[in-house]
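Each chain, letter by letter, is given below.
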Amino acid sequence: MAKVLAVLSSGYADEKNNYVTGWWAEELFAPALELEKEGHIVGLASIDGGKPIVDPVSLSKDYDPTGIYKKQYDSGMADKTTPIVDVKASEYDAIMIVGGHGAMFDLAHNEDLHAVINIVYETGGIVSAVCHGPAPLVYTKTKDGHGLLDGLKVTGYPNDSEPKEVMDLLPFSLEDELKKVADYHEEKDQDAYVVWGSKQILTGRDPQSSQLFGRELAQKLSQRELQTEENFQD
């Protein structure tokens, strides 16, 4: 049984342009379900703590036609998060950065989050992110000063999928930033796409990749636990 820290954006609002965003529902709930199926525990954190703002579009009929994610959201599953500054990173076997445009605003450059990511990574844990979730990984430096993603194969939300109406409201292009530091792929011919950049770095392309992303993370954690148990018995 591994412990996974899911990190959510606290939300962002641009009143002038009537724009509200935050974390994307499917990108939390679909991976969390896969992790829990394997017996792993998912804890929640956000920059401000408390109840973070979900992107309302992610609960709409267009993106949640069966209402499964709205039902999970309405149940209060994501109402309580720990402020990232209070997280005891050494207690977690993996960190999972949930996407949504909000991640580009409050997660990307947050130094407390970068520190948590580094602790998980340096203690041998898995660092994972889906959709816009890789935003903070772009700017995370390891203790030796190198970029966490330097030269690794990665994926994330592609430019040609970004809604035209929000492009000018975003602080940067995730695809462009990833390409500056890593080997970016999106594999357009695949309905869902995730990639292991190393044995510790996992990224997923978009909301449609959320379930596969969660399954990959869950299975890798289970394999690690089995290997640890076998080594202990030896």
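About the thresholds
- Sequence order as written defines the numbering, with residues in each chain counted from 1.
- Given that the model is predicted, a residue must reach a pLDDT of at least 70 before its local features are reported, and side-chain atom pairs must reach 80 or more before they are shown or counted; all residues, however, enter totals for whole chains, interfaces and linings.
- Heavy atoms throughout the structure, all of them, feed into the side-chain values; hydrogens and water do not.
- Here a helix means four or more residues in a row that DSSP labels H or I, a strand means two or more in a row labelled E, and each is numbered from the N terminus.
- To get the radius of gyration, use the C-alpha atoms; to get the globule rule, take the number of residues to the power 0.38 and multiply by 2.2 Å.
- Exposure categories follow from relative accessible area, calculated using a 1.4 Å probe and restricted to protein chains: below 20% of the type maximum is buried, above 50% is exposed, and the middle band is partly exposed.
- Contact between two residues is taken to exist if any of their heavy atoms lie within 4.5 Å; hydrogens are not considered.
- UniProt positions are given in the numbering used here, feature names are shortened, and annotations may be inferred rather than shown by experiment.
- To qualify as a nonpolar core, a set must consist of buried Ala, Val, Leu, Ile, Met, Phe, Trp, Tyr and Cys residues joined through side-chain atoms within 4.5 Å.
- Given a helix with a known number of residues, its expected span is that number minus one, times 1.5 Å.
- Any two of the Phe, Tyr and Trp rings considered here, Trp counted by its six-membered ring, make a pair once their centres fall within 6.5 Å; the pair's planes then place it as stacked at under 30 degrees, edge-to-face at over 60, or tilted in between.
- Counted as salt bridges are all cases of a side-chain nitrogen of Lys or Arg within 4 Å of a carboxyl oxygen of Asp or Glu.
- Two strands pair if DSSP finds at least two bridges between them.
- Helix axes are fitted to C-alpha atoms over the stretch in contact, other axes to C-alpha atoms as well, and angles between N-to-C directions run from 0 to 180 degrees.

1. Topic: the overall build of the chain
Line of reasoning, step 1. Scanning the chain for helices and strands turns up 7 helices and 11 strands.
Line of reasoning, step 2. Taken over C-alpha atoms, the radius of gyration comes to 17 Å for the chain, in line with the 17 Å a tight globule of 234 residues would show.
Line of reasoning, step 3. For the chain, the spread of C-alpha atoms along the three principal axes comes to 60 × 40 × 40 Å.
Line of reasoning, step 4. Counting the 234 residues in the chain, one finds 53% classified as buried.
Line of reasoning, step 5. In the chain, the share of contacts with a sequence separation of at least 24, taken over all contacts with a separation of at least 6, comes to 76%.

2. Observations concerning the UniProt feature "domain: DJ-1/PfpI" (unreviewed entry) in the chain
Line of reasoning, step 1. In this numbering, the UniProt entry assigns the feature "domain: DJ-1/PfpI" (unreviewed entry) to residues 27-219.
Line of reasoning, step 2. Between the first and last C-alpha atoms of residues 27-219 the distance is 17 Å; the span itself is 30% helix and 16% strand.

3. Considerations on the nonpolar core
Line of reasoning, step 1. Ranked by internal contacts, the top residues of the largest apolar core, which has 67 residues, are Leu 5, Trp 23, Leu 28, Ile 84, Ile 95, Met 96 and Leu 217.
Line of reasoning, step 2. The greatest single-element share of this core, amounting to 6 residues, is contributed by helix H1 (residues 25-37).
Line of reasoning, step 3. Residues within four places of Met 96 in sequence aside, it is in contact with Val 4, Leu 5, Ala 6, Val 7, Glu 27, Leu 28, Pro 31, Leu 35, Ser 128, Phe 213 and Leu 217.

4. Let's talk about H1
Line of reasoning, step 1. Over its 13 residues, H1 runs 18 Å from end to end, which matches the ideal 18 Å to within 8%, given 1.5 Å per residue.
Line of reasoning, step 2. Across the 13 residues of H1, 10 count as buried, placing the element largely inside the fold.
Line of reasoning, step 3. Taken from the residues just after H1, Gly 39 is the one with a positive phi, measuring 85°.

5. So, the packing of aromatic side chains
The relative placement of two aromatic rings is captured by the distance of their centres and the angle of their planes.
Line of reasoning, step 1. Applying the stated criterion to the full structure yields 6 aromatic pairs.
Line of reasoning, step 2. Aromatic side chains Trp 23 and Phe 29 sit 5.7 Å apart centroid to centroid with 75° between the ring planes, which places their arrangement in the edge-to-face category.
Line of reasoning, step 3. Accessibility expressed as a relative area gives 0% for Trp 23, which makes it buried.
Line of reasoning, step 4. Taken together, the aromatic side chains of Tyr 12, Tyr 19 and Phe 105 make up a single cluster linked through ring pairs.

6. Points about the pattern of salt bridges
Opposite charge on two side chains permits them to pair, given that their charged atoms come into close proximity.
Line of reasoning, step 1. Tallying each qualifying case throughout the model produces 9 salt bridges.
Line of reasoning, step 2. Residue Lys 37 is joined to Glu 34 by a salt bridge in which the shortest nitrogen-to-oxygen separation is 3.4 Å. Taken together, the positions of Lys 37 and Glu 34, both in helix H1 and 3 residues apart, correspond to about one turn of that helix.
Line of reasoning, step 3. When the shortest N-O distance is used, the salt bridge between Lys 70 and Asp 74 registers 2.7 Å. One end of the pair is Lys 70 and the other is Asp 74, both in helix H2 (residues 68-74) and 4 residues apart, which spans about a single turn.
Line of reasoning, step 4. Residues joined in a network through salt bridges with shared partners are Glu 34, Lys 37 and Arg 215.

7. Notes on the sheet that holds strand S4 (residues 41-46)
Line of reasoning, step 1. The strand order across the open sheet built from 7 strands is S5-S4-S1-S6-S7-S11-S10, with neighbouring strands paired in mixed fashion. Lying at the two open borders of the sheet, with one neighbouring strand each, are strand S5 (82-83) and strand S10 (194-198).
Line of reasoning, step 2. When strand S6 (residues 94-97) meets strand S7 (residues 126-130), the two strands line up parallel, connected through 4 bridges. Residue pairing in the sheet places Ile 95 in a bridge with Val 127 of S7.
Line of reasoning, step 3. Those strands touched by H1 are strand S1 (3-8), S4, S6 and S7, and its axis lies near 150° from that of S6.

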